[in-house]
Amino acid sequence: MSTLDSVRKLQTRMWQSIIGQESVIEQLIIGLLANGNILMEGLPGLAKTRAVKSMAKNMDAEFSRIQFTPDLLPSDITGSEVLYTESGQPTFRFEAGPIFANIVLADEINRAPAKVQAALLEAMEERQVTVAGTTHEMPELFIVMATQNPIEQEGTYPLPEAQMDRFLLHVYIDYGTEEAEAQVIRLVRGEEGPGGSSSDNEPVVQQVVFDARREINQVSVSEAIEKYMVDLVFATRYPGRYDEKLASWIRIGASPRGAIGLDKCARVHAWLNGRDHVLPDDVRAVVHGVFRHRIALSYEANADGVSSNDVIDEILKLVAVA
């Protein structure tokens, strides 16, 4: 079985567990293969946590869930030095926290205070944490998938832009169709039956992910596509070059991480579709997830009810492929 077939097998198994959210699953796979962290946002009960657990279940990966609460401490995430007694001598030993896993689910990340959120920054960006002056490396396969609720903002701590920018993708989950809802009911009913949760499927090994990343690195990007991606990024920073109304909607545009993320995700999307080169459609397919959390809207946009998705849609209309 080829590497692509193995990844598609993982994707198919996740589709079977998460009904009606095929686009969400694809974005999770893209984030995994692009070696980036993911922020998932959606109303309660839309399978955000289930989607992450489904990925971990179908891989031979160590999974860790951190439930963020207002009383959480940074050491609850990173771990701490613990005093032990060996042969009558006191000694300190590092006890690793839940961040030391392959797939880390940071559930309701905006419910923890800033110090706890900041504890994730070094791990997400540098793939390491420093405790008591000692640096501890993350596993080779390491991805943080954080969730947050767009409602019930009372008592929450909104993520600062610096931390938002460290997420490769911002995945928004919405309600499925009526037929998908009926399938969800049947799926859960079947899982609650005898042997419903058991599975004989062998998990996808981690090596498949590393092999896929090496193949994705070989996906080519033409100068025209590269210029198209750069033009999209600069349209968020200097929207007045394209349209006055667009300029009134955007307060801050995408960072250089946005350009890098767009390139990574477009190459992954092309590879998942069996191509060794990137097309404009690959860029358009991933641009919303890459830009959504990197564009700060103006007061005028909020007053007009304009969302980040609306702004990105308008940019795609105005920016042409060279």
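Residues numbered from 1 in each chain as written. Predicted model: local features only at pLDDT ≥ 70, side-chain atom pairs only at ≥ 80, totals over all residues. Heavy atoms only, no water.

Participant: Looking at this model, I keep getting lost on the overall build of the protein chain. Mind explaining?
Facilitator: Looking only at helices and strands, the protein chain features 14 helices and 11 strands. Against the globule reference of 20 Å for 322 residues, the protein chain gives a C-alpha radius of gyration of 21 Å, in line with a compact fold. Across the 322 residues of the protein chain, 48% fall into the buried class. Restricting to contacts in the protein chain with at least 6 residues of sequence separation, those with at least 24 account for 75%. Side-chain charges in the protein chain split into 30 positive and 46 negative, and the spacing between the mean points of these groups amounts to 1 Å. (Helix = DSSP H or I, 4+ residues; strand = E, 2+ residues; numbered from the N terminus. Rg over C-alpha atoms; globule rule 2.2 N^0.38 Å. Buried < 20%, exposed > 50% of the residue type's maximum accessible area, 1.4 Å probe, protein only. Contact = heavy atoms within 4.5 Å. Lys, Arg positive; Asp, Glu negative; His and termini not counted. Charge placed at Lys NZ, Arg CZ, Asp CG, Glu CD.)

Participant: Sorry, what's going on with the packing of aromatic side chains here?
Facilitator: When we look at a pair of aromatic rings, we describe it by the centre distance and by the angle of the planes. For the structure shown, the criterion picks out two aromatic pairs. Considering the side-chain rings of Phe 94 and Phe 100, the 5.8 Å spacing of their centres and the 75° angle between planes classify their relative orientation as edge-to-face. Overall, Phe 100 belongs to the buried group, its relative accessible area being 16%. One Lys or Arg, Arg 93, reaches over the ring of Tyr 84 and ends 4.0 Å from the middle of that ring. Its guanidinium or amino end placed over the ring of Phe 234, Arg 237 lies 4.9 Å from that ring's centre, counting from NZ or CZ. (Phe/Tyr/Trp six-rings, centres within 6.5 Å; stacked < 30°, edge-to-face > 60°. Lys NZ or Arg CZ within 6 Å of the ring centre and 35° of its normal.)

Participant: Explanation requested: helix H2 (residues 22-33) in the structure shown.
Facilitator: An α-helical turn contains 3.6 residues, so any two residues separated by three or four positions project in the same direction. Spanning 12 residues, H2 covers 17 Å between terminal C-alpha atoms, matching the ideal 16 Å at 1.5 Å per step. For H2, a buried count of nine out of 12 residues is recorded, marking the element as mostly surrounded by other parts of the structure. (Expected span 1.5 Å × (residues − 1).)

Participant: Looking at this structure, how should I read the sheet that holds strand E9 (residues 167-173)?
Facilitator: Note: strands within a sheet are paired through backbone hydrogen bonds, in either parallel or antiparallel orientation. Read across the open sheet, the five strands follow the order E2-E5-E8-E1-E9; overall the sheet is parallel. The two strands at the open ends of the sheet, each matched to only one other strand, are strand E2 (63-67) and E9. Taken pair by pair, the neighbouring strands of this sheet meet at an average axis angle of 20°, ignoring direction. Across four bridges, strand E5 (residues 103-107) lies against strand E8 (residues 143-148) in parallel orientation. The partner of Ala 106 across the bridge, within E8, is Ala 146. (Pairing = 2+ DSSP bridges. Axes fitted to C-alpha atoms, helices over the stretch in contact; angles between N-to-C directions.)

Participant: Looking at this structure, I do not really get helix H3 (residues 48-57). What am I missing?
Facilitator: The buried fraction of H3 amounts to seven of the 10 residues, a majority that puts the element mostly inside the structure. Within H3, the full set of buried residues consists of Lys 48, Thr 49, Ala 51, Val 52, Ser 54, Met 55 and Ala 56.

Participant: Is there a simple way to explain the environment of Ala 270 in this structure?
Facilitator: Within the secondary structure, Ala 270 sits in helix H11 (residues 256-272). Under the relative-accessibility criterion, Ala 270 is labelled buried at 0%. When the C-alpha atoms of Ala 270 and Ala 96 are compared, they prove to be 38 Å apart, with 174 residues separating the residues in sequence. The residues contacting Ala 270, other than those within four sequence positions of it, are Val 219, Arg 275, His 277, Val 278 and Asp 282.

Participant: Is there a simple way to explain the pairing of E5 in this structure?
Facilitator: Note on strand geometry: in a regular strand, side chains alternate between the two faces of the sheet. Taken across its five residues, E5 has five buried, putting it largely inside the fold. Burial of E5 is two-sided: the residues Ile 103, Leu 105 and Asp 107 facing one way and the residues Val 104 and Ala 106 facing the other way are all buried. By the bridge criterion, five bridges tie E2 to E5 in an arrangement that is parallel. For Ile 66, the partnering residue across the bridge sits in E5 and is Ala 106.

Participant: What am I meant to see in the pattern of salt bridges here?
Facilitator: When the charged atoms of two side chains with opposite charge come close together, those side chains can pair. Counted by the stated rule, this structure contains 13 salt bridges. Of the charged contacts, one joins Glu 161 and Arg 251 as a salt bridge, the two residues approaching to 3.9 Å between their closest N and O atoms. Of this pair, Glu 161 sits in helix H6 (residues 161-164) while Arg 251 sits in strand E10 (residues 250-252), and the two are 90 residues apart along the sequence. According to the relative accessible area criterion, Arg 251 is exposed, its value standing at 54%. In this structure, Asp 263 and Arg 267 form a salt bridge, with 3.1 Å as the shortest nitrogen-oxygen distance. Note that Asp 263 and Arg 267 are positioned in helix H11 at a spacing of four residues, about one turn of the helix. One salt-bridge network, in which partners are shared between bridges, spans Glu 125, Asp 165, Arg 166, Arg 257 and Arg 294. (Salt bridge = Lys/Arg side-chain N within 4 Å of Asp/Glu carboxyl O.)

Participant: Sorry, what's going on with the nonpolar core here?
Facilitator: Across soluble globular proteins, nonpolar side chains show a tendency to be buried alongside one another. In terms of nonpolar packing, the biggest core is built from 71 residues, with Leu 33, Met 59, Leu 232 and Phe 291 touching the most fellow members. Aside from chain neighbours lying at most four places away, what touches Phe 291 is Leu 232, Val 233, Thr 236, Ala 254, Gly 258, Leu 262 and Ile 312. If you look at the next biggest cluster of nonpolar residues, it comprises 26 residues, including Ala 106, Ala 112, Val 116 and Leu 159. (Core = buried A, V, L, I, M, F, W, Y, C linked by side-chain atoms within 4.5 Å.)

Participant: Is there a simple way to explain the environment of Val 131 in this structure?
Facilitator: The topology assignment puts Val 131 in strand E6 (residues 128-131). Taking the relative accessible area as the measure of exposure, Val 131 reaches 11% and is therefore buried. Sequence separation of Val 131 and Ser 75 is 56 residues, and the distance between their C-alpha atoms is 8.6 Å. Val 131 has contacts with Thr 78, Gly 79, Ser 80, Glu 81, Phe 94 and His 136, leaving out every residue within four places of it along the chain.

Any functional reading would require information beyond the geometric quantities listed.
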